[in-house]
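# Notes for the structure review
In case you want the letters, here they are:
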Amino acid sequence: MYTTDDNGILNNYATEPDLYYAEFPSPEQQRQYAFVGGFATLFVSLLVLVALSAG
C-alpha cells in the first residue's frame, strides 16, 4: 500500500501487524514439550557417543 503526503512524497513504509499476546501452554502441552526435549537430548547424546567411538 502506497501513500503520499501533502507534498506528493511517497511513503511506502511497511504496515505494522496487530499485536497479540501468547497464551501459556496447557499442562498437556508442557508434558509434550518435556517428552520431545528428553528425546532430543537422548538422540544428541547417542550421536556424540557414536562420533566419539568412531574417532
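This is a predicted model, so every value here is computed, not measured. (Residues numbered from 1 in each chain as written. Predicted model: local features only at pLDDT ≥ 70, side-chain atom pairs only at ≥ 80, totals over all residues. Heavy atoms only, no water.)

### Things to note about the overall build of the chain
- Within the chain, the secondary structure is distributed over 1 helix and 2 strands.
- When the helices and strands of the chain are read in sequence order from the N terminus, they spell out β-β-α.
- Here the C-alpha radius of gyration of the chain, 25 Å, is well above what a compact globule of 55 residues would show, namely 10 Å.
- In the chain, which comprises 55 residues, the share counted as buried stands at 0%.
- On the chain, roughly 5,900 Å² of surface is accessible, and the fraction owed to carbon and sulfur atoms is 63%. (Helix = DSSP H or I, 4+ residues; strand = E, 2+ residues; numbered from the N terminus. Rg over C-alpha atoms; globule rule 2.2 N^0.38 Å. Buried < 20%, exposed > 50% of the residue type's maximum accessible area, 1.4 Å probe, protein only. Areas by Shrake-Rupley, 256 points an atom, 1.4 Å probe, with all protein chains shown as cover.)

### A few points about a nonpolar patch on the surface
- Taken together, the side chains of Phe-39, Phe-43, Val-44, Leu-47, Val-48 and Leu-52 make up a nonpolar region of the molecular surface, amounting to roughly 620 Å² of accessible area.
- By the secondary structure assignment, Leu-47 is in helix α1 (residues 27-54).
- Judged by relative accessible area, which is 47%, Leu-47 ranks as partly exposed. (Patch = residues over 30% accessible without salt bridge, like charges linked within 9 Å, V, L, I, M, F, W, Y side chains within 5 Å. Salt bridge = Lys/Arg side-chain N within 4 Å of Asp/Glu carboxyl O.)

### Quick notes on α1
- Compared with the 40 Å implied by 1.5 Å per residue over 28 residues, the 41 Å span of α1 between its first and last C-alpha is a close match.
- Little of α1 is tucked away, with 0 of its 28 residues classed as buried. (Expected span 1.5 Å × (residues − 1).)

### Observations regarding the environment of Gln-30
- In this fold, Gln-30 is placed in helix α1.
- A C-alpha to C-alpha distance of 15 Å links Gln-30 and Ala-40, two positions 10 residues apart in sequence.
- With residues near it in sequence (within four places) discarded, Gln-30 still touches Phe-24 and Pro-25. (Contact = heavy atoms within 4.5 Å.)

### Notes on the confidence of the model for the chain
- On average, residues of the chain score 89 in pLDDT, and 96% of them reach the 70 mark or higher.
- Of all secondary-structure elements in the chain, the lowest mean pLDDT belongs to strand β1 (residues 3-4), at 72, while α1 reaches the highest, 97. (pLDDT = per-residue confidence, 0-100.)

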